Amino acid sequence: MTVTGTTDLTHRRAVLDTAMQERGAWPARSPWIREAVRTLPRDRFAPDRLWRWDGHAYVPVDRQVDPDGWARELYAGPDDAAVTQVTDGLPTSSLSSPGVVVDMLDSLLLEPGHRVLDLGTGAGWNCALAAHRTGPGRVTSIEVDTGLAAAARARLAQAGLAVGVEVGDGAAGWPVGIPFDRVIATYAVERVPWPWVEQCAPGGRIVTPWGRLGHVALTVADDHRSATGWMQGLAQFMPARDRSRPEPAFAEVRGHGPADHRGAMERGLEPLRADWDLLFTLRVTLPAVRITTAVDQDGTSAWIHDGLASWAVLSARPGGATVHGGGPRRLAAELEAAWRTWETHDRPGVYDYGMTVRPDRQYVWLNDPDTGPRWPTSATADQGQAVD
């Protein structure tokens with residue numbers, strides 16, 4: 001058995017670099033990132049076991065057993081993450097896709113000498129790239145998993161990088177040696193923990209994945225009582241470890257009883273599959289609602305639920321869908337109302353939204369942080385209704 005050869009990895013690195021270049025993914029304002037990725041490629045931080053979804057379960061791909069498969073999994077493409085840990089059948093750590101890593105580091109506006117708090121060490125690649133930019137001893141990385149922290153610590157040392165890797169809960173940040181100039185999280189949160197704002201200097205920047213779709217860059221106010229900024233892009237992220245338990249599936253919420261309300265939707269549902277501007281808006285306005293779609297000869301159908309007790313089946317028919325639902329909420333009607341609101345606001349996309357975080361509340365706004373409509377970030381607050 002042979003380990004993946006240097007020549008093969010060199011080729012895969014070059015292919016990825018070219019793919020990123022062709023799609024314009026290397027940011028012009030942060031040329032240091034491309035150089036850092038070349039100096040510290042992701043294969044130097046990947047464990048010898050990765051995991052591949054085979055359509056039914058995650059199966060191991062071991063570098064010693066299947067070196068080519070391991071390399072393909074690691075360098076699948078700009079938008080492909082590599083799962084590095086599976087617990088009880090679910091992924092609990094990954095090397096984020098190269099495109100997302102680059103985009104988030106660009107959003108961080110990182111400069112030499114900045115002190116950086118990196119939350120969610122994982123394999124250590126993200127904090128390695130940050131340390132390449134900032135210089136030795138400027139990055140502190142927090143990882144809740146002691147095994148992952150130890151492995152990342154070893155890889156970083158082998159790469160000659162002076163990064164402090166600490167074991168702790170990322171939601172609490174790291175109050176030792178504050179303030180930080182930059183805070184970056186590599187796992188998704190529904191609400192931005194206030195300690196992140198407290199531990200970031202006024203004028204500092206916080207970049208974090210938000211919920212199931214997208215990431216945001218916040219600037220801490222001069223009075224240190226808020227942080228505000230724009231959404232930066234679309235991507236899906238691993239949740240915080242305490243949210244890694246599987247969410248209820250539609251069948252669990254649906255149960256076995258009959259539908260208690262029926263109706264119709266007079267529009268086709270194909271945008272629920274393909275229109276990411278609409279999908280991001282629904283994520284903002286209906287934060288607890290989950291949508292699954294499928295296509296057959298009648299068109300696109302949808303299954304939606306709120307993770308608690310409300311559900312609806314939207315069955316495709318010519319020109320629209322037949323609705324069957326149950327539970328206290330009328331989810332199809334809420335979906336229709338949110339969809340109409342999106343159209344009323346000229347179909348905004350992810351870059352038209354921003355977020356404000358305060359000690360007692362946080363919300364997403366549209367177009368303007370002071371005058372635009374707002375929605376609370378909590379998955380349960382106000383059931384997605386706009387707030388003042």
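Keep in mind the model is a prediction, meaning the values are calculated, not measured. (Residues numbered from 1 in each chain as written. Predicted model: local features only at pLDDT ≥ 70, side-chain atom pairs only at ≥ 80, totals over all residues. Heavy atoms only, no water.)

**Quick word on the overall build of the protein**
And then number 1: In terms of regular secondary structure, the protein is built from 11 helices and 19 strands.
And then number 2: Excluding contacts between residues fewer than 6 apart, the proportion of contacts in the protein whose partners are at least 24 apart in sequence is 57%.
And then number 3: With the model as given, the accessible surface of the protein reaches about 17,300 Å², and the carbon-plus-sulfur share is 51%.
And then number 4: Positive and negative side-chain charges of the protein, numbering 39 and 48 respectively, have mean locations separated by a distance of 2 Å. (Helix = DSSP H or I, 4+ residues; strand = E, 2+ residues; numbered from the N terminus. Contact = heavy atoms within 4.5 Å. Areas by Shrake-Rupley, 256 points an atom, 1.4 Å probe, with all protein chains shown as cover. Lys, Arg positive; Asp, Glu negative; His and termini not counted. Charge placed at Lys NZ, Arg CZ, Asp CG, Glu CD.)

**Here we look at the nonpolar core**
And then number 1: By size, the foremost hydrophobic cluster in this structure holds 45 residues, and its most contacted members are Phe-45, Trp-70, Leu-74, Leu-129, Leu-156, Leu-161 and Val-163.
And then number 2: Beyond its immediate sequence surroundings of up to four residues, Leu-74 is in contact with Arg-42, Asp-43, Ala-46, Leu-50, Ala-82 and Leu-95.
And then number 3: Among the nonpolar cores identified, the runner-up in size contains 30 residues, and Tyr-187, Cys-200, Trp-210 and Val-357 belong to it. (Core = buried A, V, L, I, M, F, W, Y, C linked by side-chain atoms within 4.5 Å. Buried < 20%, exposed > 50% of the residue type's maximum accessible area, 1.4 Å probe, protein only.)

**A word on unusual backbone geometry**
For residues besides glycine, phi is generally negative; the peptide bonds are generally trans as well.
And then number 1: Cis peptide bonds are those with omega within 30 degrees of zero, and the linkage from Ile-178 to Pro-179 qualifies with 5°.
And then number 2: Tracing the backbone shows Pro-179 in the loop between strand S7 (163–167) and strand S8 (180–185).
And then number 3: In the Ramachandran plot, His-224 falls in the positive-phi region, its phi being about 65° despite a non-glycine side chain.
And then number 4: Summarising the element assignment, His-224 is placed in the loop between strand S10 (215–220) and strand S11 (227–233).

**Here's the deal with the pairing of S8**
And then number 1: Of all six residues that make up S8, five are buried, and the element is covered over most of its length.
And then number 2: In this sheet, S8 lies alongside strand S5 (residues 116–119) in parallel orientation, the contact comprising four bridges. Note that in S8 the partner of Asp-118 across the bridge is Ile-184.
And then number 3: Looking at chain direction, S8 and strand S9 (residues 200–209) are connected through four bridges and run parallel. Each bridged residue has a counterpart across the sheet, and for Ile-184 the counterpart in S9 is Val-207. (Pairing = 2+ DSSP bridges.)

**What about the packing of aromatic side chains?**
And then number 1: In this structure the tally under the stated criterion is seven aromatic pairs.
And then number 2: An aromatic cluster of three or more residues is present, and its members are Trp-210, Phe-280, Tyr-353 and Trp-375.
And then number 3: Sitting over the ring of Trp-339, Arg-267 keeps its end group 4.2 Å from the ring centre.
And then number 4: Cation over ring: Arg-283 sits above Trp-210, and NZ or CZ is 3.7 Å from the ring centre. (Phe/Tyr/Trp six-rings, centres within 6.5 Å; stacked < 30°, edge-to-face > 60°. Lys NZ or Arg CZ within 6 Å of the ring centre and 35° of its normal.)

**Here we look at the pairing of strand S18 (residues 362–366)**
And then number 1: Burial runs high along S18: five of the five residues are buried.
And then number 2: In S18, alternate side chains face the same way, and those of Gln-362, Val-364 and Leu-366 on one face and Tyr-363 and Trp-365 on the other are all buried.
And then number 3: Where strand S17 (residues 353–357) meets S18, five bridges bridge the pair, whose relative direction is antiparallel. When the sheet's bridge partners are listed, Val-357 is paired in S18 with Gln-362.
And then number 4: Counted between consecutive antiparallel strands, the loop separating S17 from S18 contains four residues.

**Here we look at the state of the cysteines**
And then number 1: By the definition in use, this model includes zero disulfides.
And then number 2: Of the cysteine sulfurs around Cys-200, a residue in no disulfide, the closest is that of Cys-127, at 17 Å.
And then number 3: The exposure class assigned to Cys-200 is buried, which follows from its relative accessible area of 0%. (Disulfide = S-S within 2.5 Å.)

**Description of the pattern of salt bridges**
If the charged atoms of two oppositely charged side chains come close together, the side chains can form a pair.
And then number 1: Summed over the entire model, instances satisfying the criterion amount to 18 salt bridges.
And then number 2: In this structure, Arg-317 and Glu-266 form a salt bridge, with 2.8 Å as the shortest nitrogen-oxygen distance. Residue Arg-317 is found in strand S15 (residues 311–317), and its partner Glu-266 is found in the loop between strand S12 (261–265) and helix H9 (271–274); the two are separated by 51 residues along the sequence.
And then number 3: Residue Arg-329 is joined to Asp-306 by a salt bridge in which the shortest nitrogen-to-oxygen separation is 3.8 Å. (Salt bridge = Lys/Arg side-chain N within 4 Å of Asp/Glu carboxyl O.)

**Some points on the sheet that holds strand S14 (residues 299–305)**
And then number 1: If you trace the five strands from one edge of the open sheet to the other, you get S12-S16-S15-S14-S13, paired in antiparallel fashion. Because the sheet does not close on itself, it has two edges, and the strands there are S12 and strand S13 (290–296). The sheet shows a mean angle of 20° between the axes of neighbouring strands, taken without regard to direction.
And then number 2: Lying over the sheet, helix H11 (residues 331–344) contacts S12, S13, S14, S15 and strand S16 (320–326), oriented at roughly 70° with respect to S15. (Axes fitted to C-alpha atoms, helices over the stretch in contact; angles between N-to-C directions.)

**Comments concerning helix H6 (residues 146–158)**
And then number 1: For H6, spanning 13 residues, the distance from its first C-alpha to its last is 18 Å, which sits close to the expected 18 Å at 1.5 Å a residue.
And then number 2: For H6, the elements touching its buried residues are strand S3 (82–87), strand S4 (90–95), helix H5 (125–134), strand S6 (139–143) and S7.
And then number 3: Just downstream of H6, Gly-160 is the residue with a positive phi angle, here 75°. (Expected span 1.5 Å × (residues − 1).)

**Points about the sheet that holds S17**
And then number 1: Judged by pairing direction, the sheet is mixed, and its 10 strands sit side by side in the order S7-S6-S5-S8-S9-S10-S11-S17-S18-S19 without closing on themselves. In this open sheet, the two edge strands, each paired with only one partner strand, are S7 and strand S19 (374–376). In this sheet, neighbouring strand axes are inclined to one another by 20° on average, regardless of whether the strands run parallel or antiparallel.
And then number 2: Strands in contact with H5 are S5, S6, S7 and S8; relative to S6, the strand with the most contacts, it is inclined by about 170°.
And then number 3: Packing of helix H10 (residues 276–285) onto the sheet brings it into contact with S11, S17, S18 and S19, and relative to S17 it is tilted by some 25°.

Nothing here speaks to function; it is geometry throughout.
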